[in-house]
Structure formats: C-alpha cells, structure tokens
Amino acid sequence: MTPDFDFGLGETADMIRETTQRFAKERIEPLAAKIDAEDWFPRDELWPAMGELGLHGITVEEEFGGLGLGYLEHVIAQEEIARASASIGLSYGAHSNLCVNQIRRWANPEQKAKYLPKLISGEHVGSLAMSEAGAGSDVVSMKLRAEKTDRGYVLNGTKFWITNAAYADTLVVYAKTGEGSRGITTFLIEKDMPGFSIGQKIDKMGMRGSPTAELVFNDCEVPEENVMGPLNGGVGVLMSGLDYERTVLSGIQLGIMQACLDVVLPYIRERKQFGQAIGHFQLMQAKVADMYVALNSARAYVYAVAKSCDAGKTTRFDAAGAILLASESAVKVSLEAIQALGGAGYTKDWPVERFARDAKLLDIGAGTNEIRRMLIGRELIGA
C-alpha cells in the first residue's frame, strides 16, 4: 500500500471510497484477469450488486433512486473500481455518467421515471452513442439521420466505438434532424426497438471485457416521447456533458496508477538481486517516487476539477486538462511498472502489462489528447 495523503475531501467522499474499495477488492479484482483474458463482461455478477451499493446513481437525486451526491464522489468510486479492473471501470463510467447522468440532467420527468430506476438498480445497462466511423472529434459530421414521421422519427445509419453497446438496454443516441451544429437531436433508444441492432463487435488491445460494438439503425422507429432535450439542441446536450464525462473518466487513470503501485511496491521489497532487495537501489527508489508523484499530482487536479463541477464553476479547458494529465501520467506509470518488474512485467503472469494496455485508451477516448491540448491552448491565447 502507498501512504494515504489526506486531500481533505470530506467524510462522505471518504465513506464512498471505503465502501467501493472494499467491494472492488472482494468482488471485482478476483475476476479482473478472466475479464481481460476472455473479453468477458460480467454483467450478472457485478451490475446488480453495484446497484445495491448505489454506485450507478451517485449523482442522481434521491427521488429517482440515486444517492444525490456529487462528481467528486463519482470520481472516487470510478477510481476504486478501475483500481480493481479498468475494463469494469470503463463500462461503469459509460453507464453511470455518460448515460445515467445525461438522463438525469436532460430528460423530462416522465423519461426519468421510466428509465432511471432500472439503470440505477443495475437491472439495466446504459450506453451513450455519439461516435461514428467517420465522425469522432468532428461530431457535427455524423451521418446517422432521424427523419420526422407522423408517429415520431425513423433513424437510419450507424454508430461506432460504442461502449456497452451489446449489453445496453437504454442508450442515449445523437442523430441528425437538420443541418450543421443546430441540426442534431438526442434520442433515448431501447434495445428492442424495431430496426435497431448490434453490428460489428470490436476486439480491442486493452479494456477487454468492456464491450465495444457498432450500432445499426435500419428504419428504426422511435416515438416522439423519446426525444431527450430540445429538438435540434443535441450539440448543447452533448457538449454540456463532456466536462463531466472527462472529469469522471479521469478516475479510471487514477485507479490504474494506484494499481501499478499496488503491484510494484511489494515486488521491489521482495525481489533480490546482488544480495539485496532491488528497492534498496536508488534507481528503483527514484522510479517509485516518480510514479507516486505522478499519481498524486493527477489526483490533486482531478479532485479539484470535480469539486469545481459540484460548485457549478468548472471550465471546459480544465476538465480537458485533468484528463490530459491523468491519461498521460497513467501511460507513463504503467510502462514504469513493467520496467520495475523487468522480464516478469512483460509476461501475462503479472497484471502490469494489462495496466499499460488499458491506460492507453484514455489518451484517445473522450476526446484525444490532441483535441484536449487544442481546447486548452485556444482558451489560453484567446483564439
């Protein structure tokens, strides 16, 4: 274990960490190697149990079955889940933040009453679908189109890179209802809607066990009451959620860095070379010092941005900055963890190679680091 630095997050945040950490250690960590090796999503084994703890509805008001807490608590839960399995952490973030939190923020009372209870209990799995094969960072170029009919809308097209797609019961989906940035609308899609199906399943380098797939809409009929938020106001819905998405998903990288230290510190205390534990060599001490500082530096920024989200004072460039720092730090720390273990770290016998594969995703997902730098730089120079 690493020393516990007191960030002064408060009693509620500490309680969420303790509860989630215990659950993750007992229920998620024993499954982590199998999740990765078999690309297995243990929905039945974990999702309802996480619902019983209230983890799926941390930011949702109590009247809809949530805990009524903030993004700081959500980040901490995300961190502890990802510490046990980054794959489960990713699916959890897509469910609890990208889907559940967007419904909490934008759905009307009838939609909230219909969809939130089963998502929060863990009976249902949620997802969000923005990206397409040709529309990632350039979201306005999406091709999925929703045509108005007498009974609602008919959707035609595809979405790609969608986390939880194959298991999702409820999906927040963005589609074109007009032209340009003022012609996108948000829809609530149910898995059994006629004309909706799962296409290609994507085999990934890391985050295996967090299912990723294509969505196919072939004359998919969606009733009018499943429009979420204002008609043609989908870009506003989408962009308003990105700051919270980036902040909460930063917790995944914090969890990966902590997991690296969880493995490396005991190893270098026990592994002997030249007649002593390798942790006695100054080069190894410098390595773990850098890993520890990278983790707590990222924690400080991420926690501060999460607090800012809760205070309604977050900025887009700081949310981008928090995940930029956390993501790049996690890649470096995971590679150092492999190096610290030497040849053992390059084998499947130790989990650090998995940590490195998992860490790389968030250099790309939720907006690439290049896009994050563009947002921050543009703001700083006033462009």
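Because the structure is predicted, anything quoted here is derived from the model rather than measured. Along each chain, residues carry numbers from 1 onward, in the same order as the chain's sequence is written. Thresholds applied to this predicted model are a pLDDT of at least 70 for local features of residues and 80 or more for the giving and counting of side-chain atom pairs; totals over whole chains, interfaces and linings are not thresholded and use all residues. Only hydrogens and water are set aside when side-chain values are computed; all heavy atoms of the structure are taken into account.

Draft legend 1. How the structure looks around empty space enclosed by the protein. Site definitions follow a grid-based scheme: protein atoms alone, a 1 Å grid, a 1.4 Å probe that fits but cannot get out for cavities, and for pockets an open set with protein on both sides within 12 Å along at least five of seven lines, plus lining residues having an atom within 4 Å of a point. Grid points are joined across faces, edges and corners, and a volume is the space filled by probe spheres set on the points. For the structure shown, the criterion picks out one cavity of 30 Å³ or more. Here the largest cavity defines a volume of roughly 80 Å³. Every element with two or more residues in the lining of the largest cavity is listed here: helix H5 (86-106) and helix H7 (234-270). Going along the chain from the N terminus, every DSSP run of H or I of four or more residues is numbered as a helix, and every run of E of two or more is numbered as a strand.

Draft legend 2. Spatial organisation of the nonpolar core. We define the nonpolar core as a collection of buried residues of types Ala, Val, Leu, Ile, Met, Phe, Trp, Tyr and Cys that are connected through side-chain atoms lying within 4.5 Å of one another. Only protein chains enter the accessibility calculation, which uses a 1.4 Å probe; a residue whose area is less than 20% of its type maximum is buried, one above 50% is exposed, and one in between is partly exposed. Ranked by internal contacts, the top residues of the largest apolar core, which has 96 residues, are Ile103, Tyr174 and Ile252. If you tally residues by element for this core, the top one is H7, at 18 residues. Note on contacts: a residue pair qualifies if any of its non-hydrogen atoms lie within 4.5 Å across the two residues. Other than its neighbours up to four places away in sequence, Ile103 contacts Lys112, Tyr115, Leu116, Leu119, Thr170, Val172, Leu188 and Met228.

Draft legend 3. Geometry of helix H6 (residues 109-121). By this rule the span expected of a helix is its residue count minus one, scaled by 1.5 Å. The end-to-end C-alpha distance of H6, which contains 13 residues, comes to 18 Å, matching closely the 18 Å that a straight helix rising 1.5 Å per residue would cover. Among the residues of H6, Gln111, Lys112, Tyr115, Leu116, Leu119 and Ile120 are the ones counted as buried. Of the surrounding secondary structure, the elements contacted by the buried residues of H6 are helix H3 (43-52), H5, strand S1 (126-129), strand S4 (170-176), strand S5 (184-190) and strand S8 (227-228). In protein, a polar contact requires one atom able to donate a hydrogen and another able to accept it; more generally it is a pair of N or O atoms within 3.5 Å, and residues adjacent in sequence count only if both atoms are side-chain atoms. One side-chain oxygen of the residue at the start of H6 lies 3.1 Å from the amide nitrogen of Glu110, identifying that residue as Asn108. Of the residues trailing H6, Gly122 is marked for its positive phi of about 90 degrees.

Draft legend 4. The arrangement of helix H8 (residues 282-310) in detail. The terminal C-alpha atoms of H8, which comprises 29 residues, lie 42 Å apart, in line with the 42 Å expected from a rise of 1.5 Å per residue. Directly after H8, the chain includes Gly312, whose backbone phi takes a positive value near 70 degrees.

Draft legend 5. Geometry of the environment of Thr12. Relative to the assigned elements, Thr12 resides in helix H1 (residues 11-28). The partly exposed category is assigned to Thr12, whose relative accessible area is 34%. Once the C-alpha coordinates of Thr12 and Arg357 are considered, the two residues, 345 residues apart in sequence, prove to be 33 Å apart. Contact partners of Thr12, with chain neighbours within four places excluded, come to Leu69 and Glu73.

Draft legend 6. View of the packing of helix H4 (residues 71-84) against H7. Axis lines are fitted through C-alpha atoms, for helices just across the contact stretch, and the angle between N-to-C directions can take any value from 0 to 180 degrees. Between H4 and H7, whose axes approach to 7 Å, the crossing angle comes to 40 degrees. Judged by the twist between their axes, the crossing of H4 over H7 is right-handed. Two secondary-structure elements touch here, H4 through Tyr71, His74, Val75, Gln78, Glu79, Ala82 and Arg83 and H7 through Tyr244, Thr247, Val248, Leu249, Gly251, Ile252, Leu254, Gly255, Gln258, Ala259 and Asp262. Broken down by class, the residue content of the contact of H4 with H7 amounts to nine nonpolar, six polar and three charged. Two helices that cross are described as forming a left-handed crossing if the nearer one is turned anticlockwise from the farther one by less than a right angle, and a right-handed crossing if clockwise. Each residue receives one of three labels: charged for Asp, Glu, Lys and Arg, nonpolar for Ala, Val, Leu, Ile, Met, Phe, Trp, Tyr, Cys and Pro, and polar for the others, Gly being one of them.

Draft legend 7. Just the packing of H7 against H8, in detail. The interhelical angle for the contact between H7 and H8, taken along N-to-C directions, is 155 degrees, at an axis separation of 10 Å. When the axis of H7 is compared with that of H8, the two are roughly antiparallel. Crossing hand, H7 versus H8: left-handed. Of the residues assigned to the contact of H7 with H8, the class counts are 20 nonpolar, three polar and one charged. Throughout this description, any angle smaller than 35 degrees is read as roughly parallel, any larger than 145 degrees as roughly antiparallel, any in the 65 to 115 degree range as roughly perpendicular, and the remainder as oblique.

Draft legend 8. Quick look at a negative patch on the surface. Patch members must show over 30% relative accessible area and no salt bridge, and they are joined within 9 Å when carrying like charges or within 5 Å when they are nonpolar side chains of Val, Leu, Ile, Met, Phe, Trp or Tyr. Areas reported here follow the Shrake-Rupley algorithm with a probe of radius 1.4 Å; residue values treat only the protein chains shown as occluding. In what follows, salt bridge is the name for a side-chain nitrogen of Lys or Arg lying within 4 Å of a carboxyl oxygen of Asp or Glu. Positive charge is attributed to Lys and Arg, negative charge to Asp and Glu, and no charge count is given to His or to the chain ends. Charge positions come from single atoms, namely NZ of Lys, CZ of Arg, CG of Asp or CD of Glu. On the surface, Asp4, Asp6, Glu11 and Asp14 cluster together into a negatively charged patch. Considering the arrangement of structural elements, one finds Asp6 in the segment before H1.

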